[in-house]
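Remarks on the overall topology
Listed below are the residues making up each chain.
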Amino acid sequence: MDFTFSEEQQAAAEAAKGVFAGVAPDAVPSPALTPGAVAETYDRALWDRLADADLLSLLLDERYGGAGLDAVALCLVLRESARVLARVPLLESSAAAATVQAHGSAETASALLPGAARGETVLTVAAHGRTGHDPAELAVTARRDGGAWVLDGVQTAVPWAHDADVTLVPAHTGTGRTVLALVPRGHEGTVLAEQFSTSGERLGELRLESARFAAREVINAEGAWDGLRDLLATGTCALALGLGERVLRMTADYAGRREQFGHPIATFQAVAVQAADRYIDLRAMEATLWQAAWRIASGAPGALPTTGDVAVAKIWAAEGVRRVVQTAQHLHGGFGADVDYPLHRYHAWAKYLELSLGPAAAHEEALGDLLAAHPLA
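Residues numbered from 1 in each chain as written. Predicted model: local features only at pLDDT ≥ 70, side-chain atom pairs only at ≥ 80, totals over all residues. Heavy atoms only, no water.

Some points on the environment of Arg216
- For Arg216, the position within the fold is in the loop between β7 (202–214) and β8 (218–219).
- Residue contacts for Arg216: discarding those within four places in its chain leaves Ser105, Glu107 and Thr108. (Helix = DSSP H or I, 4+ residues; strand = E, 2+ residues; numbered from the N terminus. Contact = heavy atoms within 4.5 Å.)

Listed below in structure tokens is the structure:
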């Protein structure tokens, strides 16, 4: 097994490091200091810099102004973005654009993707269902009405919904299939309410009430939602890894400076053991992330479907990022809760990522179902 990154993937990561070098995490709006939403919109200046560096079009083909790279390259860039708490819809817009490219009509792709590559069109995905715990595709129904589709239902916690030009909404049909509706902001029959994440960002509750869509506005391809869901989940794991790595580095730096009884606390066995445990968590998160990203990028067959590798990555990421930030807060003591220090921001973002991934027990159950259906030889 060779996880060496290609030159193109490494170049994308280096470009991301250059763009994100100018982001100061302690300047990111704090949910502890701001009632309601921390900001009205995403970091548009940073978004423009990402567009100038061609990092918004990594997964798109050259004909749309893209680089033609894969999920591994995207995850490398997302990892760098999470280290500085970059407030941009990079994951959602990239994943949605890749889905439109792979499964949408030529007309729809030509209308949306060049703008998405330039950062002029922002896409997002409603992936959390009605409650945040049930499958997103079951929260909305889709039925045919002549040549159109009619959608009814509610999707909660839609990231960047108030900023996105188009939201991809999964919905189930009477035949048990899942379609993806491309819902423009302000579309007739839709209502968008304001919600807030633990990081203080604005989310949207999207309500569809007999909302009508032309056939070209609905992706009806088999497997489109499954692929999009796996890419979103794997990208979220990459965010969790980058955030966790930055938090552990902050903790190591602090423990090396902070002294008790005349010695740095990093020299105390209890501190070192806790930090070592979190390092193991991060390495497990990393290995399972690249396995899942590689399966998505390559389409290579395996003992289990790609969803199995994604489930393993989600198990480690959901629990690992929580353990990392909890240990960091513990080892920082009261200093970790100081709003003049950025750790509390990382804690709030980590909680949002953990909630987005869902409970590890649910992924373990899904993995068990896959193992039962695909017994290993």
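Moving on from the model shown.
Structural notes on the side chain of Gln155
- Counting through the fold element by element, Gln155 comes out in strand β3 (residues 148–159).
- Of note is the side chain of Gln155, whose polar atom sits 3.0 Å from the backbone nitrogen of Gly129.
- Reaching out from Gln155, the side chain makes a polar contact with the backbone oxygen of Pro170 at a distance of 3.4 Å. (Polar contact = N/O pair within 3.5 Å; in protein donor to acceptor, adjacent residues only side chain to side chain.)

Regarding the packing of helix α6 (residues 224–257) against helix α8 (residues 306–332)
- Across the interface, α6 lies against α8 with an axial gap of 9 Å and an inter-helix angle of 25°. In terms of their interaxial angle, α6 and α8 are classed as roughly parallel. Every pair of crossing elements has a handedness; the one defined by α6 and α8 is left-handed. Across from Asp230, Ala233, Thr234, Cys237, Ala240, Leu243, Gly244, Val247, Leu248, Met250, Thr251 and Tyr254 in α6, the residues of α8 making contact are Thr306, Thr307, Val310, Ala313, Lys314, Ala317, Val321, Val324, Val325, Ala328, Leu331 and His332.
- Among the residues making up the contact of α6 with α8, the classes are represented as 16 nonpolar, 6 polar and 2 charged. (Axes fitted to C-alpha atoms, helices over the stretch in contact; angles between N-to-C directions. Parallel < 35°, antiparallel > 145°, perpendicular 65-115°, else oblique. Left-handed = near helix turned anticlockwise from the far one by under 90°. Nonpolar A, V, L, I, M, F, W, Y, C, P; charged D, E, K, R; others polar.)

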